[in-house]
Amino acid sequence: MDTKYLSQRLLSWFDQHGRKTLPWQHNPTPYRVWISEVMLQQTQVATVIPYYQRFMARFPDIKTLAEAELDEVLSHWSGLGYYARGRNLHAAAKIIQADHAGTFPYQLSQVVALPGIGRSTAGAILSLSTSARHTILDGNVKRVLARCFVIEGWPGKSSVEKAMWQLAEQLTPNKRVANYNQAIMDLGATCCTRSKPQCDSCPLATCCGALEQGQVETLPTAKPRKKIPVRTTQMLLIRNMQGEVLLEKRPPTGIWGGLWSLPEVAQGEATECWCEENLGLKVASLEEWPLRRHTFSHFHLDITPQLLQLKSNPTQINEAGRHVWYKMQQTHGLAAPVARLIEELSRREP
Ligand code: SF4
């Protein structure tokens, strides 16, 4: 795609539909744009506006902000969330006061060096306030680029992000940079939204690769799910002569806290010896069932069930009170995979 074509289409769209009357767009000094960009990082425009107005009324310039108590700055942030943003603003104002004689720096490298300001935010502050040619790549821009240019891969991955920065640089026009940056951010925020984008009214519909190839729903690529570890255990279905199954109470905290579960033996440990030594039970037969997986949010548990028949009815088992002989169909608070195993066992009953 011709990069000029895209920027021209975006600028024409901006002239007609772009947001031009937001509070920080009046008298867009670097300070005013900076505060707005930081507030907008995790928060919707409509929510930000009253906070922005109150903040600017109390801290109209860098000096006032730098000299204020942090508590007061944070009290003006209260309700916006992500308080590190407020703390960083205050710290950055002090640095600007001390190191830049109270004037917001104009060099990208100096802006990026301030706390809480990344490359894209720095580009937005400088381009929107001074019209200097700086590129931006926030989440909205990434979404538009990923779809228009069919860029596969999670945009947070460094190689994908690097390629996107290069593309964003090429697309940034030499003229009307502030309008172009505002346009592509607005398009991502209002038209090319994460869900249900309005492709019918999008100015880039005629050149959008994702729309042409039917990939609008799948781009940008979602963050890969973290690989979670696998733990293993052997769960023992120990049956007495009446066909009852031995249950064991879980400790009150942790996985299945306070629920009834089955005795467990580490993978590889000799089950018969373990039963005799730990429960005083003599095993007559052992049948191993196929492995099944139970998934928690932070790990998979691979369970190998073992059905054990006892030689005789036990007179007692160790740690009385922690164990109970469970008659099928009784109601107990059972851990989910245990309930499934017991149900499976009851289905095998003649
Ligand atoms: S056509 Fe649809 S998917 Fe493509 S840029 Fe526009 S809104 Fe986004």
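Conventions adopted
- Residues numbered from 1 in each chain as written.
- Predicted model: local features only at pLDDT ≥ 70, side-chain atom pairs only at ≥ 80, totals over all residues.
- Heavy atoms only, no water.
- Helix = DSSP H or I, 4+ residues; strand = E, 2+ residues; numbered from the N terminus.
- Rg over C-alpha atoms; globule rule 2.2 N^0.38 Å.
- Buried < 20%, exposed > 50% of the residue type's maximum accessible area, 1.4 Å probe, protein only.
- Contact = heavy atoms within 4.5 Å.
- Lys, Arg positive; Asp, Glu negative; His and termini not counted.
- Charge placed at Lys NZ, Arg CZ, Asp CG, Glu CD.
- Pairing = 2+ DSSP bridges.
- Near = heavy atom within 4 Å.
- Nonpolar A, V, L, I, M, F, W, Y, C, P; charged D, E, K, R; others polar.
- Domains from an automatic or database assignment.
- Salt bridge = Lys/Arg side-chain N within 4 Å of Asp/Glu carboxyl O.
- Axes fitted to C-alpha atoms, helices over the stretch in contact; angles between N-to-C directions.
- Parallel < 35°, antiparallel > 145°, perpendicular 65-115°, else oblique.
- Phe/Tyr/Trp six-rings, centres within 6.5 Å; stacked < 30°, edge-to-face > 60°.

Draft legend 1. Molecular detail of the overall build of the protein. Secondary structure summary: the protein contains 14 helices and eight strands in total. A compact globule built from 350 residues should have a C-alpha radius of gyration of about 20 Å, whereas the protein, at 31 Å, is more than 25% larger. Each of the three principal axes of the protein carries a C-alpha extent, and together these read 90 × 55 × 30 Å. A burial count over the protein gives 45% of its 350 residues as buried. By sequence separation, contacts in the protein at least 24 residues apart represent 65% of the contacts at least 6 residues apart. Side chains of the protein give 39 positive and 31 negative charges; the mean places of these two sets differ by 6 Å.

Draft legend 2. The arrangement of unusual backbone geometry in detail. Of note, the bond from Leu219 into Pro220 is cis; its omega dihedral lies within 30 degrees of zero at -5°. Counting through the fold element by element, Pro220 comes out in the loop between helix H12 (209–213) and strand S1 (230–239). Positive phi, close to 50°, is recorded for Ala101, a residue that is not glycine. By the secondary structure assignment, Ala101 is in the loop between helix H6 (84–99) and helix H7 (108–112). Notably, Lys196 is not glycine yet its phi reads approximately 50°, a positive angle. Structurally, Lys196 can be placed in the loop between helix H11 (177–190) and H12. Judged by relative accessible area, Lys196 falls into the exposed class, the value being 72%.

Draft legend 3. Local environment of the pairing of strand S7 (residues 300–310). Counting buried positions along S7 yields ten of eleven residues, so the element is predominantly enclosed. In terms of strand pairing, S1 meets S7 through ten bridges, oriented parallel. Note that in S7 the partner of Val230 across the bridge is His300. Note: strand S5 (residues 283–288) against S7, five bridges, orientation antiparallel. Bridging across to S7, Val283 finds its partner in Leu310. Relative to S7, strand S6 (residues 292–295) runs antiparallel, the two sharing four bridges. The partner of Arg293 across the bridge, within S7, is Asp302. In this antiparallel pair of consecutive strands, S6 and S7, the connection spans four residues.

Draft legend 4. Geometry of the site of the ligand. Around the ligand sit Arg147, Cys192, Cys199, Cys202, Ala205, Cys208, Leu211 and Val216, and that is every residue in its neighbourhood. Residue composition of the shell around the ligand, grouped by class: seven nonpolar, no polar and one charged.

Draft legend 5. Fine view of the domain arrangement of the protein. For the protein, the assigned domains are domain 1 (3–213) and domain 2 (230–348). The straight-line distance from the C-alpha centre of domain 1 to that of domain 2 is 57 Å.

Draft legend 6. Structural detail: the pattern of salt bridges. Within the structure shown, the criterion is met by 14 salt bridges. Its salt-bridge partner being Arg322, residue Glu248 comes within 2.9 Å of it at the nearest N-O pair. Placement of the pair is Glu248 in strand S2 (residues 245–249) and Arg322 in the loop between S7 and strand S8 (323–326), with a sequence separation of 74 residues. Glu248 gets classed as buried once you look at its relative accessible area, which sits at 15%. Among the residues examined, Arg322 registers a relative accessible area of 30% and is labelled partly exposed.

Draft legend 7. Molecular detail of the packing of helix H9 (residues 139–148) against H11. Where H9 contacts H11, the axes come no closer than 8 Å and their chain directions differ by 80°. In this view, H9 runs roughly perpendicular relative to H11, as classed from their interaxial angle. The residues of H11 that touch H9, namely those facing Asn140, Val141, Arg143, Val144 and Leu145, are Ile184, Met185, Leu187, Gly188 and Ala189. Its residues assigned to classes, the contact of H9 with H11 shows seven nonpolar, two polar and one charged.

Draft legend 8. Region of the structure containing the packing of aromatic side chains. All told, the structure shown has seven aromatic pairs when counted by the stated rule. With a centroid separation of 5.1 Å and 75° between ring planes, the pair formed by Trp24 and Tyr52 is classed as edge-to-face. Taken together, the positions of Trp24 in the loop between helix H1 (3–17) and helix H2 (30–40) and Tyr52 in helix H3 (residues 45–58) put the pair 28 residues apart, joining distant regions of the chain. The same class applies to Trp24 as to Tyr52, namely buried.

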